[in-house]
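# A structural walkthrough
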Amino acid sequence: MDAVEIAILGAEGLVGQELLKILEERRFPASSVRLYDTDRRPGAEYFFSHQRLEVEELTPDAFRTVDVAFFCDGLDSSRRLMPAAVQAGAVVIDDSGALVTDGAVPLVVPEVNAEDIALHKGVLGNPSSSTIQLMVAVYPLHCVNRVRRIVVSTYQPVS
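For the structure given in this document, a descriptive report is provided here. (Residues numbered from 1 in each chain as written. Predicted model: local features only at pLDDT ≥ 70, side-chain atom pairs only at ≥ 80, totals over all residues. Heavy atoms only, no water.)

### Some remarks on the pairing of strand β5 (residues 68-71)
Here β5 shows a buried face lined by Val-68 and Phe-70 and a second buried face lined by Ala-69 and Phe-71. Taken together, the 4 bridges between strand β1 (residues 4-9) and β5 define a ladder with parallel strand orientation. Bridge pairing in β5 places Ile-8 opposite Phe-70. Looking at chain direction, β5 and strand β6 (residues 91-94) are connected through 4 bridges and run parallel. For Phe-70, the partnering residue across the bridge sits in β6 and is Ile-93. Where the polypeptide runs from β5 across helix α2 (residues 75-87) and back to β6, its parallel neighbour, the crossover connection is right-handed. (Buried < 20%, exposed > 50% of the residue type's maximum accessible area, 1.4 Å probe, protein only. Helix = DSSP H or I, 4+ residues; strand = E, 2+ residues; numbered from the N terminus. Pairing = 2+ DSSP bridges. Right-handed = clockwise from strand over helix to strand, strands pointing away.)

What follows is the structure, encoded as structure tokens:
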């Protein structure tokens, strides 16, 4: 895989921070990583592959050189900024949930439907964490004996 230019919107949140760690742990071939957050704290900095990264101000041309943009920020900012990222040519991976109900955006769990990645029109959806865990566990069972119905309750904090 060629080196990829990455942008993380929502870099100062828990999801953005975990994403940065995972990219580093898995030695993702990033030629650059740019960090953004709509609630940016001046002077906030993080590290990726022994390089110091500052959280940058989000400008209209921020996605100009980005190959993949991870949206881990709030719904409002994600809905507002995704079109600019797609128009700039970036593939958006939506972890904000902004487009989870948009039938044109494939929701991808790689262990289940990786082939749906090819169907994207600039945006890939990321199902909720509880959905991902459930699908990874249930899909192999479904392949052996069709699962017709699942009833699930999740309890998540509101704070």
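### As for the nonpolar core
Core analysis: the biggest nonpolar cluster contains 17 residues, and Ile-6, Ile-8, Leu-20, Val-33, Leu-35 and Phe-70 have the highest contact counts within it. Listed by contribution, the elements that provide at least two residues to this core are β1, α1 (14-25), β2 (30-36), β3 (45-48), β4 (51-56) and β5. Setting aside its immediate chain neighbours within four residues, Leu-35 contacts Ile-8, Ala-11, Leu-20, Tyr-46, Leu-53, Glu-54, Val-55 and Glu-56. Within the second largest apolar cluster, 16 residues are counted, among which are Leu-9, Val-66, Leu-81 and Ala-85. (Core = buried A, V, L, I, M, F, W, Y, C linked by side-chain atoms within 4.5 Å. Contact = heavy atoms within 4.5 Å.)

### Concerning the packing of aromatic side chains
Applying the stated rule across the entire model yields 2 aromatic pairs. Where Tyr-36 meets Phe-63, the ring centres are 6.3 Å apart and the plane angle is 55°; that geometry is what we call tilted. Highlighted residues: Tyr-36 in strand β2 and Phe-63 in the loop between β4 and β5, separated in sequence by 27 residues. Since its relative accessible area comes to 1%, Tyr-36 is described here as buried. In this structure Phe-63 comes out as buried when scored by relative accessible area, which is 4%. With centroids separated by 5.8 Å and ring planes inclined at 25°, the aromatic side chains of Phe-63 and Phe-71 adopt a geometry described as stacked. (Phe/Tyr/Trp six-rings, centres within 6.5 Å; stacked < 30°, edge-to-face > 60°.)

### What about the side chain of Asn-113?
When you line up the elements, Asn-113 lands in helix α3 (residues 110-113). Of the residues examined, Asn-113 reaches a relative accessible area of 12% and is grouped as buried. One polar contact links the side chain of Asn-113 to the main-chain carbonyl oxygen of Leu-107, over a distance of 2.9 Å. Excluding its chain neighbours within four sequence positions, the residues that come into contact with Asn-113 are Leu-107 and Val-108. (Polar contact = N/O pair within 3.5 Å; in protein donor to acceptor, adjacent residues only side chain to side chain.)

### As for the sheet that holds β1
Strand order in the open sheet formed by 7 strands is β3-β4-β2-β1-β5-β6-β7, and the pairing between neighbours is mixed. A strand with exactly one partner marks an edge of an open sheet, and here the two such strands are β3 and β7 (123-125). The sheet shows a mean angle of 25° between the axes of neighbouring strands, taken without regard to direction. (Axes fitted to C-alpha atoms, helices over the stretch in contact; angles between N-to-C directions.)

### With respect to α2
Because an α-helix packs 3.6 residues into every turn, residues spaced three or four apart end up facing the same way. Over its 13 residues, α2 extends 19 Å from the first C-alpha to the last, a length consistent with the 18 Å expected when each residue adds 1.5 Å. At Leu-81, α2 shows its maximal bend, which comes to roughly 35°, and the proline Pro-83 appears one to four places after that position. Those residues of α2 that sit buried are Ser-77, Ser-78, Leu-81, Met-82 and Ala-85. Elements that come into contact with the buried residues of α2 comprise β1, β5, β6 and β7. Gly-89 lies just past α2 and shows a positive phi near 100°. (Expected span 1.5 Å × (residues − 1). Bend = angle between axes of the 7 residues up to and from the residue.)

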